[in-house]
Amino acid sequence: MKNEKSFFETIIDAISWLKIVASPTILGIGIGYACQYYLNSNFLFGFFVIAGIVLGIYWANRVSKKYGATNFISKVDASPDIDEYVKDKK
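Residues numbered from 1 in each chain as written. Predicted model: local features only at pLDDT ≥ 70, side-chain atom pairs only at ≥ 80, totals over all residues. Heavy atoms only, no water.

(A) The arrangement of the confidence of the model for the protein chain in detail. Of all residues in the protein chain, 84% have pLDDT values of 70 or greater, and the mean over the chain is 88. Across the protein chain, the secondary-structure element scoring lowest on mean pLDDT is helix 4 (residues 80-89), at 63, and the one scoring highest is helix 2 (residues 42-66), at 96. (pLDDT = per-residue confidence, 0-100. Helix = DSSP H or I, 4+ residues; strand = E, 2+ residues; numbered from the N terminus.)

Encoded structure:
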């Protein structure tokens, strides 16, 4: 019996993968916009946006193979402060 993912698990993995890609992409857009605004360089804007997208895809694929995108995002988004609060209430 194969260990196939359900449709829901596939959607969650895709959203997690996109969240990983979004981080360097947004950073690239921000740096590119600053270059365009201050240096008036459309080339640098395009370069940083493309570099952010490529770096994001590379990073997301690497994380997905090593840890799994959903596991990685769940560790990043975890709130240990809330966990301590819940333990104190019990």
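Alright, that's what it looks like, and here's the rest.
(B) Fine view of helix 1 (residues 7-39). Here helix 1 contains 33 residues, and its C-alpha end-to-end distance of 47 Å stays within 8% of the 48 Å for a straight helix at 1.5 Å per residue. Residue Ala-22 marks the point of greatest curvature in helix 1, where the axis turns by about 30 degrees; the proline Pro-24 follows within four residues. For helix 1, the full list of buried residues reads Ser-16, Ile-20, Val-21, Pro-24, Thr-25, Gly-28, Gly-32 and Cys-35. Turning to helix 1, the residues buried within the fold contact helix 2 and helix 3 (69-77). (Expected span 1.5 Å × (residues − 1). Bend = angle between axes of the 7 residues up to and from the residue. Buried < 20%, exposed > 50% of the residue type's maximum accessible area, 1.4 Å probe, protein only. Contact = heavy atoms within 4.5 Å.)

(C) Quick look at the nonpolar core. Residues Ile-20, Val-21, Ala-60, Val-63, Ala-69 and Ile-73 constitute the largest nonpolar core, which totals six residues. Of all the elements in the fold, those that place two or more residues in this core are helix 1, helix 2 and helix 3. (Core = buried A, V, L, I, M, F, W, Y, C linked by side-chain atoms within 4.5 Å.)

(D) How the structure looks around the packing of helix 1 against helix 3. Running from N to C, helix 1 and helix 3 cross one another at 60 degrees; their axes reach a closest spacing of 8 Å. By the angle between their directions, the pair helix 1 and helix 3 is classed as oblique. In this structure, the crossing between helix 1 and helix 3 has a hand that is left-handed. Across the interface between the two elements, Ile-12, Asp-13, Ser-16, Trp-17, Lys-19 and Ile-20 from helix 1 touch Ala-69, Thr-70, Phe-72, Ile-73 and Asp-77 from helix 3. Considering only residue class, the contact of helix 1 with helix 3 consists of six nonpolar, two polar and three charged. (Axes fitted to C-alpha atoms, helices over the stretch in contact; angles between N-to-C directions. Parallel < 35°, antiparallel > 145°, perpendicular 65-115°, else oblique. Left-handed = near helix turned anticlockwise from the far one by under 90°. Nonpolar A, V, L, I, M, F, W, Y, C, P; charged D, E, K, R; others polar.)

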